[in-house]
Amino acid sequence: MTSPVTARDRAKAERSDAILHAAARLFAARGYSGVSLEDIGAAVGVSGPAVYRHFAGKQALLGAVLVKVSQDLIRGGRRVSAESPTPDERMRALIVFHVEFALGNAEVIQVQDRDVAFLSEEDRAEVRRLQRAYIELWMAALSPLHAAPEGADQDELRLRVQACFGLINSTPHSTRAAARRHSATATVLIAMADAALRATT
């Protein structure tokens, strides 16, 4: 039997989430090396040392941010895949999901692209494991759309998927926040990603 969640537990969880969001925002704006625990604490109204009540340090915070984004991607990708009955619908659902995720989480995407080298070995290995699983999920969805008589080429599928991610994930670096919120941005990205994945050679 599990213990009931108390108001104190909820408050601690909310503070941890606030610290994570502040860390992601500051890491995106200044880079991992340009942010201190004092900066992160100040952003949520606590002292730098108080952050240690929730996370072991700045590197652990970066790990929590990047492991969580990888977990969210694989969890969301599996959900939309399971809800899609045909290969075309599955591929389309994954594209829409990833585009919406990238546009809605631009700061975390920027941190993932730039600061992964600062992760601990354990967190880096976990992020890579989750990323491989996400790529393989996309490859499995894409394979039926490119199946030759001898079967789809795995290296080519991986290349297409990673190129598609590069296209979508570059948006946080190349567009302003207002443009990312505009529905036309998502529409254009979805169309471009779909065309890149399906292009014939």
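Just so it is clear, the model here is predicted, and its values are computed rather than measured.

(A) Broad picture of the overall build of the chain. In terms of regular secondary structure, the chain is built from ten helices and zero strands. In the chain, the succession of helices and strands from N to C terminus is α-α-α-α-α-α-α-α-α-α. Scored against the burial criterion, the 201 residues of the chain give a buried share of 42%. For the chain, contacts bridging at least 24 residues in sequence account for 72% of all contacts bridging at least 6. Summed over all atoms, the accessible surface of the chain reaches about 11,100 Å², with 53% contributed by carbon and sulfur.

(B) Up close: the nonpolar core. Judged by nonpolar contacts, the single largest core of 60 residues is most densely connected at Ile40, Leu61 and Trp138. For this core, the secondary-structure elements that each account for two or more residues are helix H1 (7–30), helix H2 (37–43), helix H3 (58–82), helix H4 (87–104), helix H5 (106–115), helix H6 (121–142), helix H7 (154–169) and helix H10 (183–198). Per element, the largest residue contribution to this core is ten residues, and it comes from H6.

(C) Here's a closer look at the packing of aromatic side chains. In total, this model carries six aromatic pairs according to the counting rule given. Judged by centre distance (5.5 Å) and plane angle (45°), the rings of Phe27 and Tyr32 are tilted. Pairing Tyr134 with Phe165 gives two aromatic rings, centres 5.4 Å apart and planes at 15°, and the pair type is stacked. With a gap of 31 residues between them, Tyr134 in helix H6 and Phe165 in helix H7 connect regions that are remote in the sequence. A relative accessible area of 4% places Tyr134 in the buried class.

(D) Inspection of the layout of surface pockets at higher detail. As a volume, the second largest pocket reaches approximately 280 Å³. Along the wall of the second largest pocket there are 14 residues; nearest its centre are Gln112, Gln131, Ile135, Phe165 and Asn169. Looking at the lining of the second largest pocket, the elements that each hand over two or more residues are H3, H5, H6 and H7. Residues of the lining of the second largest pocket, tallied by class, amount to six nonpolar, seven polar and one charged.

(E) Layout of the pattern of salt bridges. Here the structure, examined in full by the defined rule, presents ten salt bridges. We note a salt bridge from Asp72 to Arg75, for which the minimum N-O separation is 3.1 Å. Taken together, the residues Asp72 and Arg75, both in helix H3 and three residues apart, mark about one turn of the helix. Classification of Asp72 as partly exposed rests on a relative accessible area of 23%. Overall, the relative accessible area of 51% leaves Arg75 in the exposed class. Put simply, Lys68, Asp72 and Arg75 are held in one network by salt bridges that share partners.

Procedures and definitions
- Residues numbered from 1 in each chain as written.
- Predicted model: local features only at pLDDT ≥ 70, side-chain atom pairs only at ≥ 80, totals over all residues.
- Heavy atoms only, no water.
- Helix = DSSP H or I, 4+ residues; strand = E, 2+ residues; numbered from the N terminus.
- Buried < 20%, exposed > 50% of the residue type's maximum accessible area, 1.4 Å probe, protein only.
- Contact = heavy atoms within 4.5 Å.
- Areas by Shrake-Rupley, 256 points an atom, 1.4 Å probe, with all protein chains shown as cover.
- Core = buried A, V, L, I, M, F, W, Y, C linked by side-chain atoms within 4.5 Å.
- Phe/Tyr/Trp six-rings, centres within 6.5 Å; stacked < 30°, edge-to-face > 60°.
- 1 Å grid on protein atoms, 1.4 Å probe; cavity = no way out; pocket = protein on both sides within 12 Å on 5 of 7 lines; lining within 4 Å.
- Points joined across faces, edges and corners; volume = space filled by probe spheres on them.
- Nonpolar A, V, L, I, M, F, W, Y, C, P; charged D, E, K, R; others polar.
- Salt bridge = Lys/Arg side-chain N within 4 Å of Asp/Glu carboxyl O.

Everything listed here is a matter of coordinates, which is why it stays silent on function.
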